[in-house]
Amino acid sequence: MITKSELLQCAIAKFTKFGSKHVTLDELATTLGISKKTIYSFFKNKEDLVVASIETLLNEYKEDINRIISENENDPILSVIFIYKRGFEYLKYFKPSFLFGLEKYYPKAFKLFSEFTENLSENTASVLLKKAQSQGDLIESVDVDLLVKIYFFRVDNLLFKDNNLFEIYSEDMLLRHMVIYNLQGVVNTRYQNRFFNN
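Residues numbered from 1 in each chain as written. Predicted model: local features only at pLDDT ≥ 70, side-chain atom pairs only at ≥ 80, totals over all residues. Heavy atoms only, no water.

(A) Highlighting the nonpolar core. Core analysis: the largest hydrophobic core is formed by 65 residues, its most contacted members being Leu49, Tyr84 and Leu129. It is helix H4 (residues 46-71) that contributes the most residues to this core, 10 residues altogether. Ignoring any residue separated from it by four or fewer positions in sequence, one finds Leu49 in contact with Leu7, Leu8, Ala11, Phe15, Leu25, Leu28, Ile39 and Phe43. (Core = buried A, V, L, I, M, F, W, Y, C linked by side-chain atoms within 4.5 Å. Buried < 20%, exposed > 50% of the residue type's maximum accessible area, 1.4 Å probe, protein only. Helix = DSSP H or I, 4+ residues; strand = E, 2+ residues; numbered from the N terminus. Contact = heavy atoms within 4.5 Å.)

So, in structure tokens, the structure goes:
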């Protein structure tokens, strides 16, 4: 008998690869060798499955974020870099149609994703960078809220705007240009010498 967790993992793999709109419950059932009725025993409809899939993905990422912050508690700038590095690792497996499909067909799931990404930039990244600034690692004159709005708010929109940038550039190159180089320009000399020049 299949578990709810196994069903979710299969759904996540299919939705992120092909787009949630394009994957039917019949396809999921066939892939898993179960009946559609079994899917309905866990979820009342496809939208519930899509929402649960997004919640699962976001919860996994939240656990990663908490671990990263804990492991780098004395270096909030490094935490920000590693958090976005991990985020890019998730996003590179998304087809743009996955996120566009959420926005168009599954508003509850898209709302969860949007709230999470906003919270990631406005609270997590902003709080960490303000901590770095209070430690003297970030230039004092930098407006952290503005910095976050310009460079860290909804990076998924930049990655998938016209093309899937993961198909054009390496994950490492995207991380360097979208995160590291922007931070490198606002950290103080002491921090640059310690981290960026190594």
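(B) Quick peek at a nonpolar patch on the surface. Taken together, the side chains of Leu146, Ile150 and Tyr151 define a hydrophobic patch exposed on the protein surface, amounting to about 270 Å² of accessible area. Summarising the element assignment, Leu146 is placed in helix H8 (residues 144-151). (Patch = residues over 30% accessible without salt bridge, like charges linked within 9 Å, V, L, I, M, F, W, Y side chains within 5 Å. Areas by Shrake-Rupley, 256 points an atom, 1.4 Å probe, with all protein chains shown as cover. Salt bridge = Lys/Arg side-chain N within 4 Å of Asp/Glu carboxyl O.)

(C) A look at the packing of aromatic side chains. Counted under the stated rule, the structure contains 5 aromatic pairs. Plain terms: the ring middles of Tyr84 and Phe152 are 5.1 Å apart, the flat faces sit at 55 degrees to each other, and that makes the pair tilted. Here Phe152 lies in the loop between H8 and helix H9 (155-159) and Tyr84 lies in helix H5 (residues 76-91), a separation of 68 residues in the sequence. Measuring from ring centre to ring centre gives 5.0 Å for Phe94 and Phe98, while their planes differ by 80 degrees; the resulting arrangement is edge-to-face. Given the relative accessible area of 6%, Phe94 is considered buried. For Phe98, a relative accessible area of 2% puts it in the buried group. (Phe/Tyr/Trp six-rings, centres within 6.5 Å; stacked < 30°, edge-to-face > 60°.)

(D) View of the pattern of salt bridges. Evaluated as defined, the whole model comprises 12 salt bridges. Put simply, Glu89 and Lys85 hold a salt bridge, and the shortest N to O gap is 3.1 Å. In this pair, Glu89 and Lys85 both sit in helix H5, 4 residues apart, roughly one turn of the helix. A salt bridge links Lys92 to Glu171, with the shortest nitrogen-to-oxygen separation between them at 2.8 Å. Highlighted residues: Lys92 in the loop between H5 and helix H6 (96-105) and Glu171 in helix H10 (residues 171-184), separated in sequence by 79 residues. Here Lys92 falls in the partly exposed class, since its relative accessible area comes to 34%. One salt-bridge network, held together by shared partners, links Asp64, Arg67, Glu71, Lys85, Arg86 and Glu89.

(E) A look at H5. Between the first and last C-alpha of H5 there are 22 Å, a value that for 16 residues agrees with the 22 Å anticipated at 1.5 Å per step. Three or more residues of H5 are buried, namely Pro76, Ile77, Leu78, Ser79, Val80, Ile81, Ile83, Tyr84, Gly87, Phe88, Tyr90 and Leu91. (Expected span 1.5 Å × (residues − 1).)

(F) Here's a closer look at the side chain of Lys46. Its place among the elements puts Lys46 in helix H4. Beyond its immediate sequence surroundings of up to four residues, Lys46 is in contact with Phe15, Ser20, Lys21, Val23, Thr24, Leu25 and Tyr106.

(G) Main features of unusual backbone geometry. Even without glycine at this site, Arg154 takes up a positive phi of about 50 degrees. Residue position: Arg154 is located in the loop between H8 and H9. You can call Arg154 buried: its relative accessible area is 10%.

(H) Structural detail: the environment of Leu58. In this fold, Leu58 is placed in helix H4. In the structure, Leu58 is positioned 73 residues away from Lys131 in sequence and 24 Å away in space, judged by C-alpha atoms. Those residues within four positions of Leu58 in sequence are excluded, and the remaining contacts are Leu112, Phe113 and Phe116.

(I) Spatial organisation of the packing of helix H7 (residues 107-134) against H8. Axis separation between H7 and H8 bottoms out at 9 Å; the angle between their running directions is 135 degrees. Here H7 lies oblique to H8, going by the angle between them. Read as a crossing pair, H7 and H8 show a hand that is right-handed. The segment H7 lies against H8, with Ser121, Glu122, Ala125, Ser126, Leu129, Lys130 and Gln133 engaging Val144, Asp145, Leu147 and Val148. For the contact of H7 with H8, the class distribution of residues is 5 nonpolar, 3 polar and 3 charged. (Axes fitted to C-alpha atoms, helices over the stretch in contact; angles between N-to-C directions. Parallel < 35°, antiparallel > 145°, perpendicular 65-115°, else oblique. Left-handed = near helix turned anticlockwise from the far one by under 90°. Nonpolar A, V, L, I, M, F, W, Y, C, P; charged D, E, K, R; others polar.)

(J) Structural context of the packing of H5 against H10. At a minimum axis separation of 10 Å, H5 and H10 run at an interaxial angle of 150 degrees. Classed by the angle they form, the pair H5 and H10 counts as roughly antiparallel. The handedness of the crossing between H5 and H10 comes out as right-handed. Mapping the contact onto sequence places Ile77, Val80, Ile81, Tyr84, Lys85, Phe88 and Glu89 in H5 and Glu171, Leu174, Leu175, Met178, Val179, Ile180 and Leu183 in H10. Here the contact of H5 with H10 is built from residues that sort into 11 nonpolar, no polar and 3 charged.

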